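# Structure at a glance
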Amino acid sequence: MTSQAKKRVLSGITATGSLHIGNYIGAISQWVDNQAEYENFLFVADLHALTIPEAIVGKNLRARVEEIFALYLACGIDPERSTLFVQSDVVEHAELGWLMTCVTPVSWLERMTQFKTKGKVADVDSGVGAGLLCYPSLQAADILLYDPDLVPVGEDQKQHVEITRDIAKRFNAMFGETFKVPDVVIRQSGGRIMGLDDPTAKMSKSTAERSPGHAIGLLDPLDKSRKAIMRAVTDSNSGVDFSNELAPGVTNLLTIFECFTATTREQSREQFDGAGYGTLKSAVADVVTDKLAEIQSRFHDIADDRDTLNKQLARGAERARAIASTKLAQAYRATGLRQ
Ligand code: AQP
């Protein structure tokens, strides 16, 4: 199959904190698995991190962004096969983001679940920036600049890809056919890994910064990760009983196990039905810490080699800009801003 015949994929992760196994399962591992089949454009969303001031104030954001970039590589993204870049290194994102902000109705933005929840946490009345509201318009630009066929995300991001589709259709209706309308792809299992301390809440980077024991960070020490898994909330039963409804915390542990071992629920039923929770947790801790050890060893080699990392950052931005600048020019012409 030639690269032109491959479907194009666009996806990214916001630099709001350290990456966790939810990001790995819901996003990165899919990108790694799909890179032979698809033409991937993968980025670190640093401009989006500015929408949550508490995630950046007093932090060295660029260092965090480069850590995430190095983690993509350490998890197995091949920079020859995938175009890997940082959002703010490709200025076209901010420029198209403005055009998208101008075509997106405010009412669509106000309906977004993430704005309602994060806006509440940040307390909109206390003066949180408008970026929190306009985030989906910039995200639409991030996606539409590359004419992707598919956008693979975890379940929480589904609504954002849906609004991107609506924004693309609205732009096309207002200014003529300009953008491809991409499809969202959610992995069947593992699209929503829950917090270990609270299996009713999604595992998230920002909660992890406040609550130790909530998430397993990809760069967390292995003994700390094992302890967090051994302490994961289950229920008052002593073991796994598939004949009754499983507690959310037990289902979450099984899902993590299955995603890390590429096994099915049927296979884990055979392995764990009747087992004590300690046995299940220990098996999960083994597979997770084995994978973390592998990722961390590669990460340290990559992060230590600054020259190569800087070249990869520059090369990724150059490859992304080659596509993004053409699309932006087309959008400018469509709006009449350029001849
Ligand atoms: N718990 C999760 N389970 C499965 N997939 C997840 N993703 C995030 N959390 C889980 C997926 O990871 C990708 C990157 O997400 P993002 O950083 O752009 O935004 P997010 O979904 O808001 O991520 P977090 O970790 O929850 O960060 P904060 O706390 O900053 O909001 C997406 O594909 C996402 O679905």
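No experiment lies behind these values; they were computed from the predicted model shown. Every chain is numbered independently, its residues counted from 1 as its sequence is written. Residues qualify for local features only when their pLDDT is at least 70, as the model is predicted, and side-chain atom pairs are given and counted only at 80 or more; totals for whole chains, interfaces and linings, by contrast, use all residues. Calculated side-chain values reflect all of the structure's heavy atoms, with hydrogen atoms and water omitted.

Turning to the pairing of strand 1 (residues 8-14), a few remarks are in order. Exposure classes here rest on a 1.4 Å probe applied to the protein chains alone. A residue is buried below 20% of its type maximum, exposed above 50%, and partly exposed in between. Strands here are runs of E lasting at least two residues and helices are runs of H or I lasting at least four, both read from the DSSP assignment and numbered beginning at the N terminus. Most of strand 1 is tucked away, with six of its seven residues classed as buried. A pair of strands is treated as paired once DSSP finds two or more bridges between them. Where strand 1 and strand 2 (residues 39-45) come together, seven bridges link them in parallel fashion. Paired with Thr14 across the two strands is Ala45, which belongs to strand 2. Between strand 1 and its parallel partner strand 2, the chain crosses via helix 1 (residues 21-34), and the hand of that crossover is right-handed. Seen with the strands pointing away from the viewer, any crossover whose path from the first strand over the helix to the second strand runs clockwise is right-handed.

Summary of the distance rule: residues count as near a molecule or strand when at least one heavy atom falls within 4 Å of that molecule or strand. Around the ligand sit 24 residues, and of these Thr16, Asp156, Lys202, Lys205 and Ser206 come closest. A distance of 2.5 Å is found between an oxygen atom of the ligand and a side-chain nitrogen or oxygen belonging to Lys202. N or O atoms closer than or at 3.5 Å make up a polar contact, with two conditions inside protein: a donor-capable atom paired with an acceptor-capable one, and, for residues adjacent in sequence, both atoms drawn from side chains. With respect to the ligand, the side chain of Ser204 contributes an N or O atom lying 3.1 Å from an oxygen atom. Alone, the ligand offers 640 Å² of accessible surface; in the complex the protein occludes 97% of this. Sorting the residues of the shell around the ligand by element identifies strand 1, helix 1, helix 6 (113-122) and helix 9 (205-210) as the ones contributing at least two each. Sort the elements by how many residues they give to the shell around the ligand and helix 1 lands first, with four residues. Residues were grouped as follows: Ala, Val, Leu, Ile, Met, Phe, Trp, Tyr, Cys and Pro as nonpolar; Asp, Glu, Lys and Arg as charged; and all remaining residues, including Gly, as polar. Split into classes, the residues belonging to the shell around the ligand amount to five nonpolar, 14 polar and five charged. Method for areas: the Shrake-Rupley scheme with a 1.4 Å probe, in which residue coverage is limited to the protein chains shown.

We now examine the nonpolar core. By nonpolar core is meant a set of buried Ala, Val, Leu, Ile, Met, Phe, Trp, Tyr and Cys residues that side-chain atoms within 4.5 Å join together. One finds Ile21, Ile28, Tyr72, Leu196, Leu218, Ile256 and Val288 to be the most contacted residues of the largest nonpolar core, which totals 58 residues. Among the secondary structure elements, those contributing two or more residues to this core are helix 1, strand 2, helix 3 (61-74), strand 3 (83-86), helix 10 (222-230), helix 11 (248-261), helix 13 (277-304) and helix 14 (306-335). The element best represented in this core is helix 13, accounting for ten residues. Domain start and end points were adopted from an automatic or database domain assignment. Per-domain counts for this core show at least three residues from each of domain 1 (3-187 + 306-335) and domain 2 (205-300). Excluding residues within four positions of it along the chain, Leu196 makes contact with Met203, Gly213, His214, Ile216, Ala228, Ile229, Ala232, Val233, Asn252, Leu253 and Ile256. Counting residues in each nonpolar core, the second largest holds 38 residues, with Val90, Val103, Tyr146 and Val151 among its members. Residues count as neighbours in contact if any of their non-hydrogen atoms are within 4.5 Å of one another.

Let us now look at the environment of Leu99. Of note, Leu99 is situated in helix 4 (residues 92-103). If we skip the residues at most four places from it in the chain, Leu99 touches Ala331, Tyr332, Thr335 and Leu337.

Each domain of the protein was delimited in the assignment, giving domain 1 (3-187 + 306-335) and domain 2 (205-300). Its C-alpha centre places domain 1 at a distance of 29 Å from the equivalent point of domain 2. Contacts between the two partners involve 21 residues from domain 1, matched on the other side by 16 residues from domain 2. As used here, buried area is the combined drop in accessible area, with a 1.4 Å probe, of two parts when they are placed together. Of the roughly 1600 Å² buried where domain 1 meets domain 2, counting both sides, 70% is carbon and sulfur surface. The largest contributions to the domain 1 side of the interface with domain 2 come from Ile21, Tyr24 and Ala74, which together make up 34% of the buried area. In the sections that follow, a salt bridge refers to a side-chain nitrogen of Lys or Arg positioned within 4 Å of a carboxyl oxygen of Asp or Glu. Here domain 1 and domain 2 share zero salt bridges between them.

With respect to the helices and strands, Glu258 occurs in helix 11. Taking the relative accessible area as the measure of exposure, Glu258 reaches 5% and is therefore buried. A distance of 2.6 Å separates a polar atom in the side chain of Glu258 from a polar atom in the side chain of Arg265. With near-sequence residues (within four places) excluded, Glu258 lies in contact with Ser189, Thr263, Thr264, Arg265 and Ser268.

Further remarks concern the packing of aromatic side chains. Each pair of aromatic rings taken from Phe, Tyr and Trp, with Trp reduced to its six-membered ring, is defined by centres within 6.5 Å and is described as stacked if the planes are under 30 degrees apart, edge-to-face if over 60, and tilted in the remaining cases. Under the definition given, this model contains eight aromatic pairs. Measuring from ring centre to ring centre gives 5.7 Å for Tyr24 and Phe260, while their planes differ by 20°; the resulting arrangement is stacked. Of this pair, Tyr24 sits in helix 1 while Phe260 is found in helix 11, placing the two residues 236 residues apart along the sequence. The class for Tyr24 is buried, based on a relative accessible area of 9%. Counting every residue linked through ring pairs, the aromatic cluster contains Phe41, Phe43, Phe85 and Tyr146. Note on geometry: a ring has a charge over it if NZ (lysine) or CZ (arginine) is within 6 Å of the ring centre and within 35 degrees of the ring normal. Above the ring of Trp108, the side-chain terminus of Arg170 is found at 5.7 Å from the ring centroid. We note Arg338 situated over the ring of Tyr332; from NZ or CZ to the ring centre the distance is 4.5 Å.

All right, on to unusual backbone geometry then. Its identity as a non-glycine residue notwithstanding, Asp147 has a phi of 50°, on the positive side. Relative to the helices and strands, Asp147 is located in the loop between helix 7 (131-144) and strand 4 (150-153).

All right, on to a negative patch on the surface then. On the surface, Asp301, Asp304, Asp305 and Asp307 cluster together into a patch of negative charge. Within the secondary structure, Asp305 sits in the loop between helix 13 and helix 14. According to the relative accessible area criterion, Asp305 is partly exposed, its value standing at 34%. Patch membership needs two things, relative accessible area over 30% and no salt bridge, and members are linked within 9 Å if like-charged or within 5 Å if nonpolar (Val, Leu, Ile, Met, Phe, Trp, Tyr). Lys and Arg are tallied as positive, Asp and Glu as negative. Neither His nor the chain termini are counted. We put the charge of a Lys on NZ, of an Arg on CZ, of an Asp on CG and of a Glu on CD.

As a further point, take the packing of helix 1 against helix 11. Helix-helix packing is characterised by the crossing angle of the two axes and by the distance between the axes. Each axis is a line fitted through C-alpha atoms, taken for helices only over the stretch in contact, and angles between the N-to-C directions span 0 to 180 degrees. In contact at an axis separation of 11 Å, helix 1 and helix 11 are set at 55° when each is read in the N-to-C sense. The orientation of helix 1 with respect to helix 11, classified from their angle, is oblique. You can see that helix 1 and helix 11 cross each other, and the crossing is left-handed. Residues Ile21, Tyr24 and Ile25 of helix 1 form the contact with helix 11, whose participating residues are Ile256, Cys259 and Phe260. Residue classes in the contact of helix 1 with helix 11 are distributed as six nonpolar, no polar and no charged. The labels follow the angle: roughly parallel below 35 degrees, roughly antiparallel above 145, roughly perpendicular from 65 to 115, and oblique for the rest. Definitions for this section: a left-handed crossing has its near helix turned counterclockwise from the far helix by less than a right angle. A right-handed crossing has that turn clockwise.

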